[in-house]
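Structural characterization, general
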Amino acid sequence: MSDPNEPISVPALDLKAQYRTIRDEIEPVVRQVLESQYFILGPEVAGFEAEAAEYCEAPHAVGCSSGSDALLLPLMALGLKPGDEVVTTPYSFFATAGAIWRTGARPVFVDIQPDTYNIDPALIEAAITPNTRAIIPVHLYGQAADMDPINEIARQHKLFVLEDAAQAIGAGYHGKRAGTLGHAAAFSFYPSKNLGGFGDAGMVTTDDPTLAKQLGRLRVHGMEPKYHHHEVGYNARIDALQAAILRVKLRHLDDWTAGRRSVADRYARLFESEGLTDIVALPSEKPGHFHVYNQYVVRVPADARDPLRAHLSANRVGSEIYYPIPLHLQTCFASLGHKPGDFPLSEAAAAETIALPIYPELSDEALRHVVGTISAFFDAQSILPFQRRRNVA
Ligand SMILES: *Cc1c(COP(=O)(O)O)cnc(C)c1O
């Protein structure tokens, strides 16, 4: 409970609050793994894979060492090589494009939809060449990309579709779940994801049994049977402690998702009742989608964004920018030859978005403090550009 004499503070993420609610379930399974001294792959991992596949409604799940490896393994299985191209979004975590680059293939970026921040299917066709092998849509912030048109384009051009579902476990799209919307999907169990481990871990889902077997080999240096290598993989194994912890946490995931969605609803009501929705654009859940809100990202005028962040911080409210530099402008991709202006909607999002605290344990009082702090910020600016631009617009 918060100390009534302390001013309220709302961190961007509070993993301790969640841990307190499950400590009694976690400790015995951790002890069991310690007693077994069976740490790599093994029965806990097989158990987790079966339960996670069922949760995602996917025929196969293959655990691995991280979400980054969950992207890389299927691309390796595809046999990508220099000269190949993979279409993706420039507005994502680095790993999406990094995995493409690591295979020697070239990331080909396609701009986003301004309201969902996901890849715009209407722009994909123009990016496809005879060298295109795959598309990686990202289900950013916990809402699925618009997969029907993406899959239709992929079908016409015979392309592999890999969902980057790192932020989207449990997300829905027209009655199907993230992890079943392409040929394969990559999940991350990084601690800040909706299903977070106590370290790094990841998973690939697929409906293709041959691919699932191959992924299972690639994560152990392409080995099958022991010490026989017909292809070169690497070490991308998941450990038993993560699997055991994730099995416990998976049982709570639907409740936590409901908690996140409730926070999103309460934010929306507070922003509306404060009259802020002209100046603060809220996340929108599209029809037919089920958003799992790994992040609650709002959008404000570019010149207000960083001052607002400073004001939130001064009032003990954590926030983050996901992501301040779109991937096409990252130094390491300079050889792709991109310049500012190439993907204007991604660049605008990078300058205007701010992620507010969202986790199931957030109290009404905390949410009122966040929105009240934002309201006070815009009130104080009312004679300066923000209000004026509003009147001009
Ligand atoms: C977290 C994340 C990844 C990478 O996952 P790790 O487990 O950190 O390697 C990839 N893509 C997106 C969109 C992510 O959010």
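It should be emphasised that the depicted structure is a prediction, and the values quoted were computed from it without experimental measurement. Position labels on residues start from 1 in each chain and follow its written sequence. Restriction of local features to residues with pLDDT of at least 70 applies here, the model being predicted, together with a cutoff of 80 or more for giving and counting side-chain atom pairs; totals for whole chains, interfaces and linings are based on all residues. The side-chain numbers reported here are obtained from all heavy atoms of the structure, hydrogens and water having been left aside.

1. Some words on the overall build of the chain
Broken down by element type, the chain carries twelve helices and twelve strands. On C-alpha atoms alone, the chain measures out to a radius of gyration of 22 Å, which is about the 21 Å that the 2.2 N^0.38 rule sets for 393 residues. Counting only C-alpha atoms and orienting by the principal axes, one finds that the chain spans roughly 70 × 55 × 35 Å. Each residue is assigned to one of three classes by its accessible area relative to the maximum for its type, calculated with a 1.4 Å probe on protein chains only: buried under 20%, partly exposed between the two thresholds, exposed over 50%. When each of the 393 residues of the chain is scored for burial, the buried share is 53%. In this description a helix means any DSSP run of H or I spanning at least four residues, a strand means any run of E spanning at least two, and both kinds are numbered starting from the N terminus. The size measure is the radius of gyration over C-alpha atoms, and the globule rule it meets is 2.2 Å times the number of residues to the 0.38 power.

2. Describing the domain arrangement of the chain
Residue ranges assigned to the domains are those given by an automatic or database domain assignment. Here the domain parsing of the chain yields domain 1 (15–250) and domain 2 (253–392). Using only C-alpha atoms to locate each centre, domain 1 and domain 2 end up separated by 26 Å. We call two residues in contact whenever any of their non-hydrogen atoms come within 4.5 Å of each other. With 44 residues of domain 1 at the interface, the matching set in domain 2 holds 36 residues. Together domain 1 and domain 2 conceal approximately 3700 Å² of surface at their shared face, both sides included; 58% is due to carbon and sulfur atoms. Each of two parts loses accessible area, computed with a 1.4 Å probe, when they are put together; buried area is these two losses added. Considering only the side of domain 1, the residues that lose the most area to domain 2 are Tyr141, Gln143 and Asn194, jointly responsible for 19% of the buried surface there.

3. With respect to the packing of aromatic side chains
Only rings of Phe, Tyr and Trp enter the pairing, Trp through its six-membered ring, and a pair is recorded when the two centres are within 6.5 Å. The plane angle decides the type: under 30 degrees is stacked, over 60 is edge-to-face, the rest tilted. All chains considered together, the criterion is met by 13 aromatic pairs. Centre to centre, the rings of Tyr267 and Phe271 are 6.1 Å apart; their planes meet at 35 degrees, and the pair counts as tilted. Of this pair, Tyr267 and Phe271 are both found in helix α8 (residues 253–273), four residues apart, which corresponds to roughly one turn of the helix. Since its relative accessible area comes to 0%, Phe271 is described here as buried. Judged by centre distance (6.1 Å) and plane angle (35 degrees), the ring pair of Tyr293 and Tyr296 falls under tilted. Under the relative-accessibility criterion, Tyr293 is labelled buried at 8%. Its end group placed over the ring of Tyr55, Arg177 keeps NZ or CZ at 4.5 Å from the ring centre. Two conditions define a charge located above a ring, namely a distance within 6 Å from the ring centre to NZ of Lys or CZ of Arg, and an angle within 35 degrees of the ring normal.

4. Details of the site of the ligand
Taken together, 15 residues sit near the ligand, with Gly67, Ser68, Gln167, Ser188 and Lys193 positioned nearest. One of the side-chain nitrogen or oxygen atoms of Asp164 is found 2.8 Å away from a nitrogen atom of the ligand. Between the ligand and Gln167 there is a distance of 2.8 Å, counted from an oxygen atom to a side-chain nitrogen or oxygen. All accessibility values rest on the Shrake-Rupley procedure with a 1.4 Å probe; residue burial counts only the protein chains present in the view. Across the complex, the protein chains shield 93% of the 380 Å² of accessible surface that the ligand would expose by itself. Where the shell around the ligand is concerned, the elements lending two or more residues are α3 (67–77) and α4 (95–102). Charged residues are taken to be Asp, Glu, Lys and Arg, nonpolar residues to be Ala, Val, Leu, Ile, Met, Phe, Trp, Tyr, Cys and Pro, and polar residues to be all remaining types, Gly included. Tallied by class, the residues present in the shell around the ligand amount to six nonpolar, seven polar and two charged. If even one non-hydrogen atom of a residue comes within 4 Å of a molecule or strand, that residue is called near it. Between N or O atoms, a polar contact is any pair within 3.5 Å; within protein, one atom must be a potential hydrogen donor and the other a potential acceptor, and residues adjacent in sequence are included only when both atoms are from side chains.

5. A few points about the sheet that holds strand β8 (residues 184–188)
When DSSP finds two or more bridges between two strands, those strands count as paired. Taken together, the seven strands give an open sheet; going across it, the order is β1-β9-β8-β5-β4-β2-β3, and neighbouring strands pair in mixed fashion. Where the open sheet ends on each side, the last strands, each with one partner, are β1 (60–64) and β3 (106–109). On average, each strand axis in the sheet is tilted by 25 degrees relative to the strand beside it, whichever way the strands run. Only the contacting stretch of a helix is used when fitting its axis, a line to C-alpha atoms as for every element, and angles between N-to-C directions run 0 to 180 degrees. Sheet strands touched by α4: β2 (85–88), β3, β4 (132–136) and β5 (160–164). Its angle to β3, the strand with the most contacts, is close to 140 degrees. Helix α6 (residues 209–218) rests against β1, β5, β8 and β9 (202–206) of the sheet, and its axis sits at about 15 degrees to β1.

6. Details of the nonpolar core
Formed by 29 residues in total, the largest nonpolar core has its most connected members in Tyr267, Phe271, Val280, Tyr296, Leu356, Ile374 and Phe378. Taken together, the elements giving at least two residues each to this core come down to α8, β11 (296–299), α9 (302–314), β12 (353–356) and α11 (364–380). Per-element accounting of this core gives the leading share, seven residues, to α11. What Phe271 contacts, discounting residues up to four positions off in sequence, is Leu276, Thr277, Val280, Leu282, Tyr296, Leu356, Val371 and Ile374. Remark: nonpolar core denotes a set of buried residues (Ala, Val, Leu, Ile, Met, Phe, Trp, Tyr, Cys) joined through side-chain atoms within 4.5 Å.

7. What about the packing of α3 against α4?
For the pair α3 and α4, the least separation of the axes is 9 Å and the interaxial angle reads 35 degrees. The two elements α3 and α4 meet at a crossing, and its hand is right-handed. For the pair formed by α3 and α4, the contact residues are Ser68, Leu71, Leu72 and Leu75 on the first element and Ala95, Thr96, Ala99, Ile100 and Arg102 on the second. Looking at the contact of α3 with α4 residue by residue, the classes come out as six nonpolar, two polar and one charged. Each crossing gets its hand from how the near helix is turned against the far one by less than a right angle, where anticlockwise is left-handed and clockwise is right-handed.

8. Notes on a nonpolar patch on the surface
Residues forming no salt bridge and having over 30% relative accessible area are the ones grouped into patches, like charges within 9 Å of each other and nonpolar side chains (Val, Leu, Ile, Met, Phe, Trp, Tyr) within 5 Å. One side-chain nitrogen of Lys or Arg within 4 Å of one carboxyl oxygen of Asp or Glu is enough to make a salt bridge. Residues Leu34, Phe39 and Ile40 make up a contiguous nonpolar surface patch of roughly 240 Å² in combined accessible area. Mapped onto the elements of the fold, Ile40 is located in the loop between α1 (15–36) and α2 (43–56). For Ile40, a relative accessible area of 42% gives the class partly exposed.

9. Details of helix α10 (residues 344–352)
All buried positions along α10 are accounted for by Ser346, Glu347, Ala349 and Ala350. Each buried residue of α10 sits inside an arc of 160 degrees when the element is viewed along its axis, so together they form one side. Looking at the buried positions of α10, the neighbouring elements they touch are β11, α9 and β12. Relevant arc is that of directions from the helix axis to the C-beta atoms, nothing else.

10. What to know about the pattern of salt bridges
Should the charged atoms of two oppositely charged side chains come close, the side chains can pair. Within the structure shown, the criterion is met by 16 salt bridges. With its nearest N and O atoms 3.1 Å apart, the salt bridge here joins Arg247 to Glu44. Placement of Arg247 in helix α7 (residues 240–250) and of Glu44 in helix α2 is noted, with a sequence separation of 203 residues between them. A salt bridge links Arg266 to Asp364, with the shortest nitrogen-to-oxygen separation between them at 2.6 Å. With Arg266 in helix α8 and Asp364 in helix α11, this residue pair connects regions lying 98 residues apart in the sequence. Assessed through its relative accessible area of 19%, Arg266 is described here as buried.

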